[in-house]
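Structural overview for review
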Amino acid sequence: MSKTPRYFNEMFENGKLRPPYKGLEGWARDMPVDLRTMKQNEAEALFRRIGITFAVYGEGGDPDRLIPFDMFPRVFTDTEWRKLERGVTQRARALNAFLTDVYGRGEIIRAGRVPANLVYCNEAFERAVVGIRPPRDVYSHIVGIDIVRTGPDEFYVLEDNCRTPSGVSYMLENREIMMRMFPHLFQENRIAPVDSYPRQLKRTLASVAPPKCEGEPVIVILTPGSMNSAYYEHSFLADMMGMELVEGQDLFVDGDFVWMKTTEGPQKVDVIYRRIDDAFLDPLCFRPDSMLGVPGLMNVYRSGGVTLASAPGAGVADDKAIYTFVPEMVRFYLGEEPLLQNVPTWQCAKADDCAYVLEHLAELVVKEVHGSGGYGMLVGPKSSAGQIEAFRSKIEENPANYIAQPTLALSACPTFVEEGLAPRHVDLRPYCLVGQDVVLVPGGLTRVALTEGSLVVNSSQGGGVKDTWVLAD
Amino acid sequence: MRLTVTHQTVYRFDEPMWGVVQSHRLTPARTASQTVIDWTVSVEGGTSGAAFRDAAGDWIETLTVRGPVTEITIDVAGTVETEDTAGVLRGHRESMPPRAYLRPSRATTPDAALAALAEKAVEKIALGDTLAAAHALSHAITDAIAYTPGETHAQTTAAEALAQGKGVCQDHAHALIAAALCREIPARYVAGYLYSAADEAMAEASHAWAELYIPDLGWVGFDPANACCPDERYIRLGSGADAAEAAPIRGIALGEGQEALDVSVAVEQVQQ
Amino acid sequence: MLSRTAENLFWIARYMERAETTARLLEVGAHNALLPNTGGGFRNEWESILRASGTAGAFAAKYGDPVQRNVESHMFFDTDNPSSIASCIRAARENARIVRTALTSQVWDALNMTYQELKELSRTERSKLQLRDLTDWTVRAAALVRGAIAASQLRNDGYRFLFLGYALERADATARLLDVKYYVLLPAVSYVGSGLDNYQWTTLLRALSSDRAFNWAYGGDVTATKIAEFLILNAQCPRSLITCTGSALEQLNALAVEYGRTTPAVTLAEDLHGELKRARIEEVFDEGLHEFLSRFIDSTASLAGAIHQSYLTGRQQ
């Protein structure tokens, strides 16, 4: 049943060691098994000690589960990275231009380049945001772009995350732990540091303070609470940036502003890096039953008293149906050719596409338009006939809910497994910051599918993480 | 017609609340059919702030009251000069794309019965004659739902109201919106006031209807509860996808207490 | 500081102190159980411990007869019992996780390791665990956390709220333990002054780690008056009521200076502490020890309420 396609091996090309991995080959080869086990245990103990854990939605079990960490790093050369960087920042700019446009005059729609209904009838399109010009016209301040590699010079964007992409704490902690455990690797190789990320994020958030803010803006992180699976990350970022981690209950609206409850009385808040979904932000505007949000927040936002990062409604740009049009956005707004390619995508909403998809289910990857975390998806070549048939009826029931893509041959990176080192498929999520400047820290989160042959890298589906190196020139 | 409005809303809490936050859509916009002569919204003891005009052209204001609070009174009073524009909304400043009202909300999601009603209503109408279709849909809703106070509540959906065959203006408007969406006509909910002369047996002074988007005309009001289009007796306060979104007052009280609401609205004609 | 953060810190301290109190109660129970049964319908010693912890009803409903093993389960492991050691340590660690960034890594490590060890203990076969080991472990863990706080936390408002939590919880615990001794442990008033009575007083002192301290301070015979004075009015005793109110007042005064404003909580703490400073033990017994302690427990609760109002609601005063 398992047909593993030919794939690009990041370390060995046609049996030859690729240069970026030169500094790692001897290290991995010479590491005795017991040392490896010891280091692996040490890494796990460190992760557990700092409390970086991950709760899996709907699976129950141990809420303190760790995401498996693989010690073998994933490496990019400076040249490779510069290319990725240009492509990612280009895409982040185009996505923000698109958001400014569709919540403004809608030129791209008027020009017939993107279908009106795809935008305006989209569930992620927020009427409440229409006409609002956020500071510096930035809607999505942290853009996470999921990229897969299929060849030495071939990168594809799998999806964009314009709302609140998570995982950046792993990028930072993985590096921290690698430096602690293998300091000599960092002496022998010139690896670009990633630790400026919190500082850059803070600068980005400060640069989008609302017009009504005078002086140094007060910035906070808004979390759904300690039961959220990404809570560790929220508190980690708050700590690294030296800002308060607040819940909805810590904030209230009074007059023109949002305030936080402190032991010294109310303090005005200017920028909110929110890690809760649109629907829960404000019961007066969105879900009236939301207990996580702040009543009146949207009115303050809409009248320019506070900045929300990301802006509500930013999700309309990262919808899987809109995804198809991102290259078009790059051309339309920036007048440039897209540097990163999209994966060809069939929209099941279109009858022709749907027919093709239903005919080729065994070869394709089918995803829900609004799904995430690797749930509700079908990987054709890895599925049984029964699974495919079950999925077929789901698509037939609601075709508009699905898109399909060819099964890509994700590149593989050496990974420590029981028997030693073996190739496992990986993807990459870099985090692009958009404020006064558009910046990308040289690194990202490499996710790895730990099961042999598996193409699903999501941590909720048994994926692990690796440190991601960018070698300095 | 020159109309005066007095609209009082009183919230009472059986236990002191530690705060109240409300979003007010209580000020009519200037349009070809209405000119505001004077208008005040007053609340005692609260702070008003975070005010703005939204993309649909409504003036929104935020009211915050710091507790302990056991009672809030919101007084709206004003005078508006109205014109009959046969329901057509003209001279209204807004930037919301009409297609943004093609997506149903919880209250306006059509069921099979609504879809069937919509289809039947327009079966004799020429394709592309959206105005005729809109009138036909509005008539069909008038016929399908009898004006009956007390049979429905704030959370009743369009589908439920149609199934019951009874409802008030909110249900008529929701049902018309749902039917319009079935025909892919953008539609939205309008909250406002209605003047009725002493001898007319019309709905209450606090009223609601629907607007449907007609190519070349723009937004046009339809009032299935009164089987007509808004005229000089109507004052338009604001709009939204449904009653919840268009509500003149949307609020939340923070605390454990229970809330009791008292509303009185009077619309009178000024003798000139 | 975010009000909720202050509240979490306050509760970390309260829960850790509460875990320690529960451990000490268990110790008292174990000691008392070694006493010969004095006959005449004398009831089970564990019953009185359960009553002292305020969970006798819940215990009876779940376990029935108070045999030692069940009491151990109930007071150490059972997370259905909110004041069990496991519940308190879990709650302290959860509060810490929420305000992870307001704690030094040393404090977090202490709390997190305690929690991980607790999970180990919960998995360990019960026959391998002695009650004494469990209570010792708890007392040690509580000391570790407290020590980490004292050694590594910045002396800022967060530190004040932690030690306010400790002071209030300890004041409450000492008052309750004293009250329990007098009204619950002793089977009948006729036992006052008897050998059993004295034995129990000594056990109480030992459970409060205060027996040696008491000897140093007073020497000679153990009498109810001396012990009550020691645990209520002696500022040298680390667990006396006056030490606790003094500590609370100290933290509140520091907050008043740092925030540049005084609050009703400061006034209340001043009153409470002032009353203890002026009091003499004879007056306490004149009022009635139980009456005095009940009043004190209420006052402590009012002080906690005032602290909440003054700092933890985040509203303008």
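Thresholds applied
Residues numbered from 1 in each chain as written. Chains lettered and ligands numbered in written order. Predicted model: local features only at pLDDT ≥ 70, side-chain atom pairs only at ≥ 80, totals over all residues. Helix = DSSP H or I, 4+ residues; strand = E, 2+ residues; numbered from the N terminus. Rg over C-alpha atoms; globule rule 2.2 N^0.38 Å. Buried ≥ 20, exposed ≤ 12 C-beta atoms within 10 Å, placed from the backbone. Contact = placed C-beta atoms within 7 Å. Core = buried A, V, L, I, M, F, W, Y, C linked by C-beta atoms within 7 Å. Nonpolar A, V, L, I, M, F, W, Y, C, P; charged D, E, K, R; others polar. Pairing = 2+ DSSP bridges. Axes fitted to C-alpha atoms, helices over the stretch in contact; angles between N-to-C directions. Parallel < 35°, antiparallel > 145°, perpendicular 65-115°, else oblique. Left-handed = near helix turned anticlockwise from the far one by under 90°. Domains from an automatic or database assignment.

The subject of this paragraph is the overall build of chain A. Along the backbone of chain A there are 14 helices and 23 strands. Whereas a compact globule of 473 residues would reach a radius of gyration of roughly 23 Å, chain A reaches 22 Å, a difference of no more than 12%. Seen along its three principal axes, the alpha-carbon backbone of chain A occupies a region of about 65 × 55 × 45 Å. A buried classification covers 49% of the 473 residues belonging to chain A.

A tally of helices and strands in chain B yields 5 helices and 12 strands. Relative to the 2.2 N^0.38 estimate, which gives 19 Å for 272 residues, the radius of gyration of chain B is 19 Å and therefore close to what a compact globule would have. Looking at chain B as a whole, 51% of its 272 residues qualify as buried. Pairs at least 24 apart in sequence give 73% of the contacts found in chain B among residues at least 6 apart.

A separate point is the nonpolar core. The nonpolar side chains of a soluble globular protein tend to be buried, and buried together. Judged by nonpolar contacts, the single largest core of 306 residues is most densely connected at Leu137(B), Leu176(B) and Ala179(B). Ignoring any residue separated from it by four or fewer positions in sequence, one finds Ala179(B) in contact with Pro110(B), Leu114(B), Leu117(B), Ala118(B), Leu137(B), Ala140(B) and Ile141(B).

In this assembly, 23 residues from chain B lie in contact with 23 residues from chain A. Take the side of chain B that touches chain A: its biggest share by element is 5 residues, from strand S3 (residues 47-53) of chain B. Counted by class, the side of chain B that touches chain A contains 11 nonpolar, 8 polar and 4 charged residues.

For the rest of this paragraph, the subject is the sheet that holds strand S11 (residues 271-274) of chain A. Residues and elements named next belong to chain A. Pairing in this open sheet of 4 strands is parallel, and the strands run S7-S6-S11-S12 from one edge to the other. The strands lining the two open edges of the sheet, one partner per strand, are strand S7 (244-246) and strand S12 (307-309). For this sheet, the mean angle separating the axes of adjacent strands, direction not counted, is 30°. The sheet contact formed by strand S6 (residues 219-222) and S7 spans 3 bridges and is parallel. Counterpart to isoleucine 221 in the pairing with S7 is leucine 245. Lying on the sheet, helix H8 (residues 197-206) is in contact with S6, S11 and S12; it crosses S6 at an angle near 105°. Against the sheet, helix H9 (residues 231-241) makes contact with S6 and S7, and its axis sits at roughly 150° relative to S7, the strand it touches most.

The subject of this paragraph is the packing of helix H13 (residues 264-278) of chain C against helix H15 (residues 289-312) of chain C. Each pair of packed helices gets described by two things: the angle between the helix axes and the distance between those axes. Residue and element names in this part refer to chain C. In the contact formed by H13 and H15, the axes pass within 8 Å of each other and the chain directions differ by 160°. Between H13 and H15, the angle is such that the two are roughly antiparallel. For the pair H13 and H15, the sense of crossing is left-handed. For the pair formed by H13 and H15, the contact residues are Pro264, Ala265, Leu268, Ala269 and Leu272 on the first element and Ser299, Ser302, Leu303, Ala306, Ile307 and Ser310 on the second. The residue inventory of the contact of H13 with H15, partitioned by class, reads 8 nonpolar, 3 polar and no charged.

A separate point is the interface of chain A and chain C. Contacts between the two partners involve 18 residues from chain A and, on the opposite side, 19 residues from chain C. Counting residues per element, the ones that place at least two in the side of chain A that touches chain C are H9, S7, strand S9 (257-262) and strand S10 (265-269) of chain A. Counted by class, the side of chain A that touches chain C contains 5 nonpolar, 6 polar and 7 charged residues.

Residues and elements named next belong to chain B. By domain assignment, chain B separates into domain 1 (2-81 + 249-269) and domain 2 (85-237). On a C-alpha basis, the centres of domain 1 and domain 2 stand 25 Å from each other. Each side of the interface is counted separately: domain 1 has 19 residues, and domain 2 has 18 residues. Sort the elements by how many residues they give to the side of domain 1 that touches domain 2 and strand S12 (residues 259-269) lands first, with 5 residues.

Looking now at the pairing of strand S19 (residues 420-429) of chain A. All names here are of chain A. Two elements, strand S18 (residues 412-417) and S19, share 6 bridges in a ladder whose sense is antiparallel. Looking at the pairing, cysteine 413 lines up with arginine 424 of S19. Linkage of S18 to S19, two consecutive antiparallel strands, is achieved through a turn of 2 residues. Here S19 runs beside strand S22 (residues 445-449); their pairing, made up of 4 bridges, is antiparallel. Looking at S22, one finds that arginine 429 is bridged to leucine 445.

Residues and elements named next belong to chain B. Pairing is antiparallel across the open sheet formed by 4 strands, whose spatial order is S9-S8-S7-S10. The open sheet has two edge strands, strand S9 (218-222) and strand S10 (234-240), and neither has a second partner. Neighbour to neighbour, the strand axes of the sheet diverge by 35° on average, direction disregarded. Direction of pairing for strand S8 (residues 206-214) relative to S9: antiparallel, over a ladder of 5 bridges. Across the sheet, the residue bridging to alanine 210 is phenylalanine 222, located in S9. Seen against the sheet, helix H2 (residues 130-144) touches S8 and S9 and runs at an angle of roughly 150° to S8. Seen against the sheet, helix H4 (residues 169-182) touches strand S7 (187-194), S8 and S9 and runs at an angle of roughly 10° to S8.

Glancing now at unusual backbone geometry. The amide bond that connects Ala309(A) to the next residue, Ser310(A), takes the cis arrangement and shows omega of -5°. With respect to the helices and strands, the residue Ser310(A) is situated in the loop between S12 and helix H11 (320-323). A cis amide bond, omega 0°, links Gly67(B) with the succeeding residue Pro68(B). Tracing the chain through its elements places Pro68(B) in strand S4 (residues 59-82). Of note in this structure, Asp137(A) is not a glycine but carries a positive phi near 55°. Here Asp137(A) is to be found in the loop between helix H5 (116-120) and strand S4 (142-151). Exposure remark for Asp137(A): the 15 C-beta atoms within 10 Å place this residue in the partly exposed category. The residue Ala50(B) is not glycine, and still its phi comes out positive at about 40°. Examined against the element boundaries, Ala50(B) turns out to sit in strand S3.

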